[in-house]
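# Remarks on the overall topology
Listed below are the residues making up each chain.
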Amino acid sequence: LLVITNISAGYLVYKKFNANYLFQNGVYVLNSNGDLDKSESLIKNAIGFDEQDFFYRTLSDIDILKLRKFVGEQKTPADKAVVSKLQEFIVAASTNARKSIDLNKEGYENWMSLGKVGEAVVPLKVVDGAYQLANDSYNQALKLNPKNPMILFSLARLEVSNNDVKKAKEYLTSAIAMKSNFTSALFLMSQIEASEG
């Protein structure tokens, strides 16, 4: 019984070590040369050894980066093929974010990840309900972590994408009240005020 227990424990440690090693390599590749495909492959291999919510969050972030890169490369108005490719990235990003939530519903970062997917899609106007998805996800994150000004900042960014400047300013004011030296929030507020003259 002791031998079996030791073998089982050793196998679990081996799996976790491999998962973390592959994940760290994936993050290194992403940060060092921006190779999204290689990074994604390494992180998917890591998940094969051990499923972690932050692995799926990172995959969702990579999918959003792929989406933005693809959008940036388009020179002509979107046709059916382009919209189909956009939807492919969106589905992948939301699926990975939802998997992170399935693994840990109480982790506010997982809800933030799903919110980021919706926020990235809002300006594209290719999927109905993207704003609502982002808004609901960010608000769920706020319920789980009500004193985090970054969540309010994310909600403000979402409102800017949705062309609701009044709501954006309300969220920014609340975020700055929580953290007076919140540079990103102050900068976004100044941009909004500059656009208003």
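A few points on the structure.

What counts and what doesn't
Residues numbered from 1 in each chain as written. Predicted model: local features only at pLDDT ≥ 70, side-chain atom pairs only at ≥ 80, totals over all residues. Heavy atoms only, no water. Helix = DSSP H or I, 4+ residues; strand = E, 2+ residues; numbered from the N terminus. Contact = heavy atoms within 4.5 Å. Polar contact = N/O pair within 3.5 Å; in protein donor to acceptor, adjacent residues only side chain to side chain. Buried < 20%, exposed > 50% of the residue type's maximum accessible area, 1.4 Å probe, protein only. Expected span 1.5 Å × (residues − 1). Arc of directions from axis to C-beta. Core = buried A, V, L, I, M, F, W, Y, C linked by side-chain atoms within 4.5 Å. Phe/Tyr/Trp six-rings, centres within 6.5 Å; stacked < 30°, edge-to-face > 60°.

### A look at the environment of N104
Structurally, N104 can be placed in the loop between α4 (80-103) and α5 (108-121). For the pair formed by N104 and L86, sequence separation is 18 residues and the distance between their alpha carbons is 27 Å. Other than its neighbours up to four places away in sequence, N104 contacts D53 and N110. Polar side-chain contacts of N104 include one of 3.4 Å to the side chain of D53.

### Things to note about unusual backbone geometry
Even without a glycine there, the phi angle at N163 is positive, about 60°. In this fold, N163 is placed in the loop between α7 (149-161) and α8 (165-178). We classify N163 as exposed; its relative accessible area is 64%.

### Section: helix α9 (residues 183-195)
When the terminal C-alpha atoms of α9 are compared, their 18 Å separation across 13 residues agrees well with the 18 Å that a helix rising 1.5 Å per residue should span. Buried residues of α9: A185, L188, M189 and I192, and no others. Buried residues along α9 cover an arc of 100° about the axis, so they all sit on one side. Away from its buried face, by an angle of more than 90 degrees, α9 presents the exposed residues T183, F187 and A194. Packing partners of the buried residues in α9 comprise α7 and α8. Phi turns positive, to about 85°, at G197, one or two residues after α9.

### What about the nonpolar core?
Counting 39 residues, the largest nonpolar core has L67, Y138, F153, L158, L172, A185 and L188 as its most contacted members. Contributions of two or more residues to this core are made by α3 (53-73), α4, α5, α6 (130-144), α7, α8 and α9. In terms of residue count, the dominant contributor to this core is α4 (7 residues). For F153, the residues in contact, after removing those within four places along its chain, are L172, A175, F182, S184, A185 and L188. Grouped together as the second largest cluster of nonpolar side chains are 14 residues, A19, V29, Y56 and L59 included.

### Side note on the side chain of S113
Within the secondary structure layout, S113 lies in helix α5. Among the residues examined, S113 registers a relative accessible area of 2% and is labelled buried. Not counting residues within four places of it along the chain, the set of residues in contact with S113 comprises R57, S60 and A97.

### A closer look at the packing of aromatic side chains
Applying the stated criterion across every chain, the model contains 6 aromatic pairs. Consider the rings of F23 and F54, whose centres lie 5.3 Å apart with planes at 80°: the pair is edge-to-face. Linking F23 in helix α1 (residues 2-33) with F54 in helix α3, this pair joins segments that are 31 residues apart in sequence. Residue F54 is classed as partly exposed on the basis of its relative accessible area of 29%. For the pair F23 and F55, a centre-to-centre distance of 4.6 Å together with 20° between the ring planes defines the contact as stacked. Linking F23 in helix α1 with F55 in helix α3, this pair joins segments that are 32 residues apart in sequence.

### Some thoughts on α5
A rise of 1.5 Å per residue sets the reference length of α5, with its 14 residues, at 20 Å; its end C-alpha atoms lie 20 Å apart and thus fit the reference within 8%. Burial analysis of α5 places 11 of its 14 residues in the buried class, the great majority of the element. Those residues of α5 lying buried are N110, W111, M112, S113, L114, G115, V117, G118, E119, A120 and V121. Against the buried residues of α5 lie α3, α4, α6 and α7.

### Some details on the environment of L67
The topology assignment puts L67 in helix α3. For the pair L67 and A134, spaced 67 residues apart in the sequence, the C-alpha separation amounts to 16 Å. Filtering out sequence-adjacent residues up to four positions away, L67 remains in contact with L86, F89, I90, A120, V121 and L124.

Bear in mind that shape data such as this cannot, by itself, settle questions of function.
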